[in-house]
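Results of the structural survey
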Amino acid sequence: MPAAAPAYAAGGTGCMDAAASLTVEERRLAGAVPQEILQRSGFDQVAARFTRALCGARSYRAAERAVADQARALWRRAVDRAQGRGAPGGDLSRDDDRPLYWARLGMTGALRQWRPRFALTDAGRTALLDALERGSRGHDDIAFSNGKGVKRVLVTGFDPFTLDRDIRISNPSGATAMALDGTTVRTDAGPVRIETAVFPVRWNDFAQGMVERALRPYLPRADLFTTVSQGRPGRFDVERFNGAWRGGFPDNDNRSSTGPIPVTGAQPQWTTTTLPYGAIVAAQTGRFPVYDNTQVTEIPAGETAPVVRPNGPTEGSAARSGAGGDYLSNEIAYRATLLRDRLRLDIPGGHVHTPVLQFGAGNTDPATGKVTDPEFVRNRLDIIAQVRSIVAVAASAKRG
């Protein structure tokens, strides 16, 4: 289905084919809310600049350089904005993750509709799209310090999702990733250096190994990792068990996937957190309560019907839902902890669910509501601060 009006058309239409298909995600960009978010953050010209760079590329190698440079520049700009560096670019709160999300979609849409002056294969375009995704999500920007006495922590977040329900949605885990990337937290146990990355809410990217490709080079150097996503209203959860099952809820491209999580090699039905959940739950990390969540859904050995288990899986059971559910938050936790185990790493690692980021009273109608409000910003800032505290507690906890 072709898009009616590409948001990047101002960047130059001479090398663009507006009839080329865009994804469901990319087509949402033409809406009023995404455009307002981009304009109020100063990110509204990102796709146009990228389009000009593509149109100026006279070879595939030049296109590769343009994609890599501008993807990384988008990530750094989003991180700098979130951490108070440079001009804000507009009146939207600096902690907002949505400008990065919508600006990236403008870039991927431009790359999808780009018609260069040289031959470009489908495989070549796919490789460029992959480089754009990685670079603009911080996957190529992780740089752990070699300093002695500094603990290295890897934190991941997610894009906004359920956008057909409310296109204004922000994801506090993505906002947290931008706010914490490259920062150092001082703890009683010494300094903690945090590096972050953001992941898409798309089944297919995970099936193609994006999580493993992003994390494999860095987990062996990390002292701790936690994947983070938005979870339940009003609470944090440290998810104890991760299940090897996809529940089928539609992703950001409105695609579903139900069945075993597709991984190579032997597949355990369950993986387990090694985060110090006891210390995290006991600590005063912020205004939201934090729970050690152990509930799973399984099919017990020798049976056919799923059963909810409040205290974790039983021996030989088949997973149907981890403590963190059966969506991509459970999947990234499963993949990251499985990678930890396959690499035989003895480090704390697991998943943390944040509270749902809620708009203020009187601003809850997706059709008529504003894109932001003071309570919405306060909630996001409080969640970011509490994740930072949780990371500090986890990194300081004694191994038991």
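Structure's up top.
Given the structure is predicted, the values throughout are model-derived calculations rather than measurements. (Residues numbered from 1 in each chain as written. Predicted model: local features only at pLDDT ≥ 70, side-chain atom pairs only at ≥ 80, totals over all residues. Heavy atoms only, no water.)

Brief notes about the sheet that holds strand 4 (residues 224–230)
The strands making up a sheet are joined through hydrogen bonds of the backbone, oriented either antiparallel or parallel. The cut-off we apply is this: Note on pairing: two strands pair once DSSP finds at least 2 bridges between them. Secondary structure counts use DSSP, requiring at least four H or I residues in a row for a helix and at least two E residues in a row for a strand, with both numbered from the N terminus. To obtain each axis, a line is fitted to C-alpha atoms, and for helices this fit is confined to the stretch in contact; angles are then taken between N-to-C directions over 0 to 180 degrees.
Across the sheet, which stays open at both edges, the seven strands sit in the order 2-3-1-4-14-5-10 with mixed pairing between neighbours. The two strands at the open ends of the sheet, each matched to only one other strand, are strand 2 (183–187) and strand 10 (290–293). Going from strand to strand, the sheet's axes swing by 25° on average, the running direction of each strand aside. Relative to strand 3 (residues 190–199), strand 2 runs antiparallel, the two sharing five bridges. Bridged to Val 185 within strand 3 is Val 192.

A few points about the sheet that holds strand 13 (residues 318–321)
What the three strands build is an open sheet, ordered 12-11-13; its pairing is antiparallel. In this open sheet, the two edge strands, each paired with only one partner strand, are strand 12 (307–309) and strand 13. This sheet shows a mean twist of 40° between the axes of neighbouring strands, independent of strand direction. In the sheet, strand 11 (residues 296–299) pairs with strand 12 via three bridges, with the strands oriented antiparallel. Pairing of Val 296 across the sheet is with Arg 309, part of strand 12.

A closer look at the environment of Gln 267
Under the convention used in this document: Whether two residues are in contact is decided by their heavy atoms: any pair within 4.5 Å suffices. Polar contact is the term for a pair of N or O atoms within 3.5 Å; when the atoms are in protein, one must be able to donate a hydrogen and the other to accept it, and sequence-neighboring residues count only if both atoms are side-chain atoms.
Along the polypeptide, Gln 267 turns up in the loop between strand 8 (258–260) and strand 9 (270–272). C-alpha of Gln 267 to C-alpha of Ala 244: the two residues are 23 residues apart in sequence and 7.6 Å apart in space. Not counting chain neighbours up to four residues away, the residues in contact with Gln 267 comprise Ala 244, Pro 260, Ile 261 and Tyr 334. Here Ile 261 takes part through its backbone oxygen, which lies 2.4 Å from a polar atom of the side chain of Gln 267.

Some remarks on helix 2 (residues 32–39)
For clarity, the threshold we go by: Throughout, exposure labels follow a simple rule: accessible area from a 1.4 Å probe, protein chains only, divided by the maximum for the residue type, with under 20% read as buried, over 50% as exposed, and the rest as partly exposed. By definition, the arc is the one covered by directions from the helix axis to the C-beta atoms.
Restricting attention to buried positions, one finds in helix 2 the residues Val 33, Pro 34, Ile 37 and Leu 38. Buried positions in helix 2, seen along its axis, are confined to an arc of 135° and lie on one side of it. Of the surrounding elements, those touching the buried residues of helix 2 are helix 1 (24–28) and helix 5 (98–113).

Description of the layout of surface pockets
For clarity, the cut-off: Of the grid points, spaced at 1 Å and generated over the protein atoms alone, those admitting a 1.4 Å probe that cannot get out make up cavities, while open sets with protein on both sides within 12 Å along at least five of seven lines make up pockets; any residue with an atom within 4 Å of a point is treated as lining. Grid points are joined across faces, edges and corners, and a volume is the space filled by probe spheres set on the points. Put simply, Ala, Val, Leu, Ile, Met, Phe, Trp, Tyr, Cys and Pro go in the nonpolar bin, Asp, Glu, Lys and Arg in the charged bin, and everything else, Gly too, in the polar bin.
A volume near 630 Å³ is recorded for the largest pocket. Lining the largest pocket are 29 residues; nearest its centre among them are Phe 161, Thr 162, Arg 165, Gln 230 and Val 356. Contributions of two or more residues to the lining of the largest pocket are made by strand 4 and helix 11 (328–342). Residue classes in the lining of the largest pocket are distributed as eleven nonpolar, 13 polar and five charged. The space that makes up the second largest pocket amounts to roughly 520 Å³. In terms of lining, the second largest pocket is formed by 22 residues, of which the most central are Arg 112, Arg 202, Asn 204, Asp 205 and Gln 208. Looking at the lining of the second largest pocket, the elements with two or more residues in it are helix 1, helix 5, helix 6 (122–136), helix 8 (203–207) and helix 9 (210–215). Broken down by element, the lining of the second largest pocket gets its largest block of residues, four residues, from helix 6.

The analysis is restricted to geometry; functional conclusions fall outside its scope.
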